[in-house]
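Examination of the molecular architecture
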Amino acid sequence: MTSPIERLAAILPTQRQRLAATLLLLTLTLAGSLALIAHQSRPSATSTGTGWLQVQRQPLENRLGLIGRIEAATRQTLTAPFDGLVQRLTITEGQRVDRDQLLLTLDTTQLDIQLRQALAELLKARRTVRDMQDWTHSDEVARARRAVTNAELNLNDTAARLADTRRLFERGIVARMEVEALEQQLRLQRLDLDASRTELRAAREKGQGESRQIAEMELANAQSRHDGLQALRDRRELRAPFAGIVLRPQKIEGTGSTTQIQAGQRVGQGTPLLELASLERLNATTRIEEADLHQLREGMPVQITGDGFDGLVLQGRVLAIGAQAIPSETYGSGSTYEVVVAIDPLSADQQQRVRLGMSARLAVVTYRTESGLAVPAEALRRDDDGTTFIIHRSDMHAPLQRTEVTTGRAVPQGVEVFGMEPGYVELPVP
């Protein structure tokens, strides 16, 4: 039996016509085969115009994209602890420094003078308190005790002479004037004795009560003043409290721009000298519109990428969400809020690539489940009473089931659903 191509070739009169007919038949045959393959690759359809989609458990997540910048998590301004001169400067602006590295040294000439004065006051206060503690044997109490003793001796001597003079007066040997003079002297010496005894009691009380308390407080003040000055002198060498990069101090409002510190420059106490930005811990700061604010929560995981550190994917978490809206100069524009993302500690290699001020793309994972089911929105159906259901089967050979489901979040794969098992869902075929 001859093929259709051979029969057609026999009918055509010329060789060229035979060749054209052969190519035409081959093209028609190939087109038919492709149509058959395409028809077999489509989802199986029912007579009602529906198809089936396989649904399996898989990780589902939503991400919110934001644009921000890399900033130091810790910034510390180092100020001058006392008035003096910058004696030595060992670093330059923009230099990376290690923890406890020497930054600069201050001259302590004026501080040493104050320290010696404070030491002298401290020694005096110590001596006073020490005397108070053994006050009964102090020089002041001893002088008061000697004054009482002398007054008593003088009074006893005068009293004895007055008795002798009275006996002589009774015999008519001496005049009354001598008796009266001794009596007057005796009264004055009794007053002196009373005064000496009062001074002795006051001297003894001086080492107790409020006087001693005042002396102890003066000692405490002198000790604190000396220790404070000594602590300031110990800070004559400023060292880095953490590893970071040296920056110029930020401008203080109303003081104009800051100048770079130089050796030999006089600085006052509290003058900003350097600013140190930590490279051990970094943050990414960004802003979010109020319409998206409800999606964020503190602690949400974040992935950070950027053109400046291309190829690196940094991990972090939402650290803080601003409670106050950032003022906008555009009237009627929506409010924005600041968001701070804490970046996980970087390795030494990452610290070399990630620099302060770099732009960053933040992908905040607002929702994630490790094993969820999602179906296309067109697979969901509703009853007249509002019940949501799907047409479902466990495999292509199983019978159809009407399964009521609860919808969750919209995810890139479709709509998350609860209440169904993995299998196949019915889809309308366009």
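Residues numbered from 1 in each chain as written. Predicted model: local features only at pLDDT ≥ 70, side-chain atom pairs only at ≥ 80, totals over all residues. Heavy atoms only, no water.

Description of a positive patch on the surface
Note the threshold: Like charges are joined within 9 Å and nonpolar side chains (Val, Leu, Ile, Met, Phe, Trp, Tyr) within 5 Å, but only among residues with over 30% relative accessible area and no salt bridge; these make up the patches. Calculation of accessible area relied on Shrake-Rupley with a 1.4 Å probe; when residues are assessed, cover is drawn exclusively from the protein chains displayed. Salt-bridge detection follows one rule: a side-chain nitrogen of Lys or Arg within 4 Å of a carboxyl oxygen of Asp or Glu. In this charge count, Lys and Arg are treated as positive and Asp and Glu as negative; neither His nor the chain ends contribute. Just so you know, the charge point we use is NZ for Lys, CZ for Arg, CG for Asp and CD for Glu. Under the scheme used here, helices are H or I runs from DSSP no shorter than 4 residues and strands are E runs no shorter than 2 residues, and both carry numbers assigned from the N terminus.
Judged by side-chain charge, Lys-124, Arg-126, Arg-127 and Arg-130 come together as a positively charged surface patch. Residue placement: Arg-127 occurs in helix 3 (residues 109-133).

Quick word on the confidence of the model for the protein
Selection criterion: What pLDDT conveys is the predictor's confidence in a given residue, as a value from 0 to 100. Here, residues are in contact when the closest pair of their heavy atoms is within 4.5 Å.
Here the protein shows a mean pLDDT of 83. Residues at 70 or above account for 85%. Across residues 31-48, where pLDDT falls below 50, the model places eight contacts with residues more than four positions away in sequence or in other chains.

Remarks on the sheet that holds strand 21 (residues 414-418)
To keep it simple, the criterion reads: In this scheme, strands are said to pair when DSSP sees at least two bridges between them.
Taken in spatial order, the three strands make up an open sheet running 16-21-20, and their pairing is antiparallel. The sheet is open, and its two edges are formed by strand 16 (374-375) and strand 20 (406-411), each paired on a single side. Relative to strand 21, strand 20 runs antiparallel, the two being bridged by four bridges. Within strand 21, the residue paired with Ala-410 across the bridge is Val-415.

Details of the pattern of salt bridges
Formally: Partly exposed describes any residue whose relative accessible area lies between the buried limit of under 20% and the exposed limit of over 50%, with all areas from a 1.4 Å probe on protein chains only and scaled to the type maximum.
Taken as a whole, this structure holds 17 salt bridges when the rule is applied. Where Glu-61 meets Arg-368, a salt bridge forms, and the shortest distance between an N and an O atom there is 2.6 Å. Of this pair, Glu-61 sits in strand 2 (residues 58-72) while Arg-368 sits in strand 15 (residues 359-372), and the two are 307 residues apart along the sequence. Across the salt bridge formed by Arg-233 and Asp-112, the nearest N and O atoms sit 2.7 Å from each other. Here Asp-112 lies in helix 3 and Arg-233 lies in helix 6 (residues 209-234), a separation of 121 residues in the sequence. In this structure Arg-233 comes out as partly exposed when scored by relative accessible area, which is 23%. Each of the salt bridges in this network shares a partner with another, and the network as a whole consists of Glu-61, Arg-63, Arg-368 and Glu-370.

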